Amino acid sequence: MKALDLKLARDLWRMRGQVLAIALVLAAASATFILSLGVHRSLTDTRDAYYAESAFADIFADMTRAPRSITARVAEIPGVRRVEGSIRQYATLDLPEGRAPARALVNSLSTTERSLLNRLTLRAGRLPDAARPGEVVADEAFVAANGLALGARLDAVIYGRKQPLTIVGIGLAPDYIYSIAPGDLIPDNSRFGIFWMGEKALEAATDRTGAITRLALTLERGASEADVIRRVDALLAPYGGTGAYGRADHISHAFLDNELMQLEAMTRVIPPVFLIVSTFLVYIVLGRMIQTERSLIGLVKAFGYSDRAIGWHYLKFALAIALIATILGSLAGAWMGRGMTSLYAEYYRFPILRYHISPAVIVGAAALAAASAGLGALGGMRAAVRLSPAVAMAPPPPPVYRAGPIERLGKRAGLSVIGHMILRHIARWPARSAMTVFGVALSMGLLFATMQFVDSSRSMLDSYFFRAQRYDLAVTFIEPRGADAMHALAQIPGVLRVEPTRALPVKLRSGSRSERTAIEASASDARLSAHIDRDGRELTLPPAGLMLSRQLADQLGVTPAPRCQLHGLYGSKIGGRCSESDLISPAGDLPPAFFPVGEKSRVDGDRHGFGRAGSEIHLTPAEQPQLFLPRGGDKIKLRDVSAGLFPDILDIEGSRHGLLAGEPEPRVSKLRVAQPVSEREKRFISFAAIPPISHIRSIDIIVDG
Amino acid sequence: MNGAVSDGAPAFRCSGLAKIYRTGETEVQALRGVDLVIPAGEILVLLGPSGSGKSTLLNIIGGLDRPSSGTLLYRDLDLTAMDDRELTRFRRADVGFIFQFYNLIPSLTAEENVRLVTDIAERPMNAAEALEMVGLADRSDHYPAQLSGGEQQRVAVARAIAKRPGVLLCDEPTGALDSRTGIRVLETLAEANRTLGTTVVLITHNIGIAAMAHRVFHFLDGRIARVEVNAAPIDPSGVSW
Ligand SMILES: Nc1ncnc2c1ncn2[C@@H]1O[C@H](COP(=O)(O)OP(=O)(O)OP(=O)(O)O)[C@@H](O)[C@H]1O
Ligand SMILES: [Mg+2]
């Protein structure tokens, strides 16, 4: 090794504390870069390969019920390549004793021919036997989360009828890479499963012989998605179509896409901050080092080392830091990437999801680290190169100190000698001082920025669960129900308050902008679900008109005051088109924590048809898991409500949180209730009057035909 | 180009050499026209009061600095016409420097300090060989902090002679040393002059050292006031401190 390189190696060792500190900052940049880019690539590659292999569709459309023959007519639309129809049906599952009921989304599976689109990948077992109607394939995550195995038996309530099911296969499909139960905030594999059932069996179970509820199709290359969607909508309108949508609005695809975007944002935001900070650190450390090595630099120049050799020497110091950082960063990035991937494996169901870092990513990270350290070294290198060998032999002239304005202030404040030294030092090297301040400020910013994630998600959970969603249980019907259902629910002992809501999938259009979303209607005096604004205040719904979340209003370019027009609500009642209706949108200042209407529609958009939109009725639960039926008076279990109380019940969902204690209300009859989902602390809540369903007047939507 | 010849031909020739330092408003005339011939293979001593311009001259003839005016030749090379890169080459190939404060790199051992020079020289001697010449072969693994001042200066001498330079420029090499160690350093310089034929230019405030020189230049106020030729230079061991 050359003597000068030996000096470099020993300098690195002597300054190992500082070197390591800078390397760690730089390694943080490399690690996040490698992590986010690596995971991004792994996820994109896996997704694309899986989509291609399993023929993930381009356009999806849901409808109440259409004859299977509709697929032939859709296939004739120009630009459509392949079409496939299927049935999808939500079901309630009885899990083994002592467990709250779970939900499943049951998909039909063509038993006669291989599926064209959204192909199921069998992970274990076999496909259902057409001759045995109760056989199903269940998704891997649900099976694992519930400790089930092939051959497991479950009772399910499908379309209001109880039916025993046997799991004969375990599988995955590209349209359920991500799945979340309607209304849930985060996926829960143990409480929501995706099932596949033989086509004939599901037709029989749901009274839909020869009918379908969903279409999936792929497009020819270059076909216009918007055109095809328009034509599909026209075809499906008579069958309660809720509007076709592309991959961008497909819940699984959209969540995955969103994740990829977040990873991309992470790549763009976090590493640069670390890079800039380490540039400053290198600048400062190397600047100091060169100042103390002035005579040494002069000496080496006197010996005949060229300027370039000396510049290169100090650049190598910076590059050595970058090298250490790249090694540390790659290790940390790979390790975190593995962790992140296994986290993804919980949320995203891929046949394989392997984290691999491509060498190009590491080379990229190394280049960034080298560039940032090199940039920091530039100033010092220039100073070293500029030193003339003769000047470098003499000690540096004492710096010129002057009493600046700050110092004069300090003098008045009676600063000590040391205080003066500090002030003068700061004022003597203003650029260095400013850079130090800037670097520390950036690090603090990074700290705050990352810590606020925790706070904001906590605040979001708090406002969503504790402040906005106050009901204990939500019951969803297939058909909208009237006041009778409200009364029946109110009769159940332990039920304190029942409030109706309704959600309508719509496409809101303002000018040239449009958004697929859902309008949520509720009584103006509703208290079981609240709308909270950015400042935490509760908003009351306007007596008429529509309240938009700020985000949605921005997306649509709608300002609060003017009247805007709402065009073409999809899937109107029967064969009808919707007339335009004027909507006023007053200031809706909902923080993103309140699920913006747009998000909501993604979550359960395909559950509600416009004409036959489901109503949600919120109610509080009984203390015991037993409910008395108002009619027969038979004792039945909560999980049997769907079967016994309302044959067309779609879903019962327990909220994780109860009413807040001590809600003031007239006609109080205090009752002790516990939550049905978790055995949480018991609460005192109050009894309230049930508003008649006819009170839903907060939105005026005129439907013609 | 390097290598010493003791043919009596001049190593350096300069005439009208002037150097003006400008710092802000003030100007300092460090050299006011120096005419000088330095024969190759001799030992020369520069004497003179502080501030008379000795170091300035040494820096200029060593290619560390440039004169403000005048001509300067090293053998047949015109140093005033050289650009920075050529001056660097000249220093690398032909000049060995020794300074008052040793200037060893503290993080390198004695041998590595010598290698700092042999790494880039054209026909260097072995680092161990150079240390042998100054009698420090057994201390080659020691760091500067483990050596005495005299030993450090001898390492500096070894470092300067290791490249077999044509000329050794020494700015008060014994200025920080006591008489015994000082003489030891002077002996190594004389030895290099004798065995390698290196021209030695030596600045000192110690008039006794002049006795070992072939020629003595007396500096005064940026000029050479007087040149003494010494027909019989004595051995450094006889130098009276
Ligand atoms: N870099 C410089 N900038 C300004 N003036 C300088 C510089 N170097 C030397 N001088 C001035 O030039 C003059 C000659 O200095 P020089 O160092 O050559 O003297 P010297 O004879 O070596 O003195 P000493 O015996 O004290 O080392 C002095 O007045 C000195 O102040
Ligand atoms: Mg001097």
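Our structure is the block above this text.
Reference entry: report on the structure contained in this document. (Residues numbered from 1 in each chain as written. Chains lettered and ligands numbered in written order. Predicted model: local features only at pLDDT ≥ 70, side-chain atom pairs only at ≥ 80, totals over all residues. Heavy atoms only, no water.)

## Structural notes on the packing of aromatic side chains
Under the convention used in this document: Note on ring pairs: Phe, Tyr and Trp rings are taken, using the six-membered ring of Trp, and paired if centres are within 6.5 Å. Classes follow the plane angle, with under 30 degrees stacked, over 60 edge-to-face and the rest tilted. The helix count covers DSSP runs of H or I at least four residues long, the strand count covers runs of E at least two residues long, and both are numbered beginning at the N terminus. The classification of residues rests on relative accessible area computed with a 1.4 Å probe and restricted to protein chains. Under 20% of the type maximum is buried, over 50% is exposed, and intermediate values are partly exposed. Two conditions define a charge sitting above a ring: the NZ of Lys or the CZ of Arg must be within 6 Å of the ring centre, and it must be within 35 degrees of the ring normal.
Per the counting criterion, the structure on display carries 14 aromatic pairs over all chains. Ring centres 4.0 Å apart and planes at 15° place the aromatic pair Tyr178 of chain A and Phe255 of chain A in the stacked group. Within this pair, whereas Tyr178 of chain A is found in the loop between strand E8 (161-172) and strand E9 (192-198), its partner Phe255 of chain A is found in helix H7 (residues 251-292), the two being separated by 77 residues in sequence. What makes Tyr178 of chain A buried here is its relative accessible area of 5%. Judged by centre distance (4.9 Å) and plane angle (50°), the rings of Phe12 of chain B and Tyr74 of chain B are tilted. Of this pair, Phe12 of chain B sits in strand E1 (residues 10-23) while Tyr74 of chain B sits in strand E4 (residues 69-74), and the two are 62 residues apart along the sequence. For the pair shown, Phe12 of chain B and Tyr74 of chain B are each scored as buried. Through a chain of ring-to-ring contacts, three or more aromatic side chains come together here, namely Tyr51, Phe56, Phe60 and Tyr245 of chain A. In this structure, Arg16 of chain A packs its charged tip against the face of Trp13 of chain A, placed 4.2 Å from the ring centre.

## Considerations on the side chain of His313 of chain A
Residues and elements named next belong to chain A. Quick reminder of the rule: Pairing of N or O atoms within 3.5 Å defines a polar contact, subject to two protein rules: one partner must be a possible hydrogen donor and the other a possible acceptor, and residues neighboring in sequence count only if both atoms are side-chain atoms.
In this fold, His313 is placed in helix H9 (residues 307-347). By relative accessible area, which is 4% here, His313 ends up buried. Separated by 3.1 Å, the side chains of His313 and Lys7 make a polar contact.

## Here we look at the packing of helix H1 (residues 3-14) of chain A against helix H3 (residues 110-118) of chain B
Stated precisely, the cut-off is as follows: To obtain an axis, a line is fitted to C-alpha atoms, over the contacting stretch when the element is a helix, and the angle between two such axes runs from 0 to 180 degrees between their N-to-C directions. Angle categories are assigned with fixed cut-offs, so that under 35 degrees is roughly parallel, over 145 is roughly antiparallel, 65 to 115 is roughly perpendicular, and the rest are oblique. Residue contacts are counted whenever heavy atoms from the two residues lie within 4.5 Å of one another. Note on residue classes: Ala, Val, Leu, Ile, Met, Phe, Trp, Tyr, Cys and Pro are nonpolar, Asp, Glu, Lys and Arg are charged, and everything else, Gly too, is polar.
Two numbers describe how H1 of chain A lies on H3 of chain B: the axes approach to 8 Å, and their chain directions differ by 130°. The angle between H1 of chain A and H3 of chain B falls in the class oblique. Between H1 of chain A and H3 of chain B, the contacting residues are Ala3, Leu4, Leu6 and Arg10 of chain A on the first element and Glu112, Arg115 and Leu116 of chain B on the second. For the contact of H1 of chain A with H3 of chain B, the class distribution of residues is four nonpolar, no polar and three charged.

## Side note on the interface of chain B and chain A
This is how the line gets drawn: Here the quantity called buried area is the accessible surface, traced with a 1.4 Å probe, that two parts lose on coming together, added over both. Put simply, a salt bridge is a Lys or Arg side-chain nitrogen that is within 4 Å of an Asp or Glu carboxyl oxygen.
Listed per partner, the contact involves 22 residues of chain B and 20 residues of chain A. Between chain B and chain A the total buried area reaches about 2,000 Å² when both faces are included, carbon and sulfur atoms providing 61% of it. For chain B, the biggest contributors to the area lost against chain A are Leu64, Leu116 and Asp119 of chain B; these three give 24% of the whole. Between chain B and chain A we count one salt bridge in total. Across the pair Arg10 of chain A and Glu112 of chain B runs a salt bridge whose closest N-O atoms are separated by 2.5 Å. Those elements that place two or more of their residues in the side of chain B that touches chain A are helix H2 (84-94) and H3 of chain B. Of the residues forming the side of chain B that touches chain A, the biggest block, four residues, is contributed by H3 of chain B. Counted by class, the side of chain B that touches chain A contains nine nonpolar, five polar and eight charged residues.

## Concerning the environment of Ile321 of chain A
All names here are of chain A. Along the chain, Ile321 turns up in helix H9. Ile321 sits in the buried class, given a relative accessible area of 1%. For Ile321, the residues in contact, after removing those within four places along its chain, are Val19, Ile22, Ala23 and Leu26.

## Thoughts on the nonpolar core
To keep things clear, this is the line we draw: Definition used in this section: a nonpolar core is a set of buried Ala, Val, Leu, Ile, Met, Phe, Trp, Tyr and Cys residues joined via side-chain atoms within 4.5 Å.
If you look at the biggest cluster of nonpolar residues, it comprises 85 residues, and the most contacted ones within it are Tyr314 and Phe317 of chain A together with Phe12, Leu57 and Leu116 of chain B. If one sorts the elements of this core by residue count, H7 of chain A sits on top with 11 residues.

## Thoughts on the sheet that holds strand E2 (residues 26-39) of chain B
Residue and element names in this part refer to chain B. To keep things clear, this is the line we draw: Any two strands between which DSSP finds at least two bridges are classified as paired.
Reading across from one edge, E2-E1-E4-E5 is the order of the four strands in this open sheet, with antiparallel pairing throughout. The open sheet has two edge strands, E2 and strand E5 (77-78), and neither has a second partner. The strands touched by helix H1 (residues 54-61) are E1, E2 and E4; relative to E2, the strand with the most contacts, the crossing angle is about 60°.

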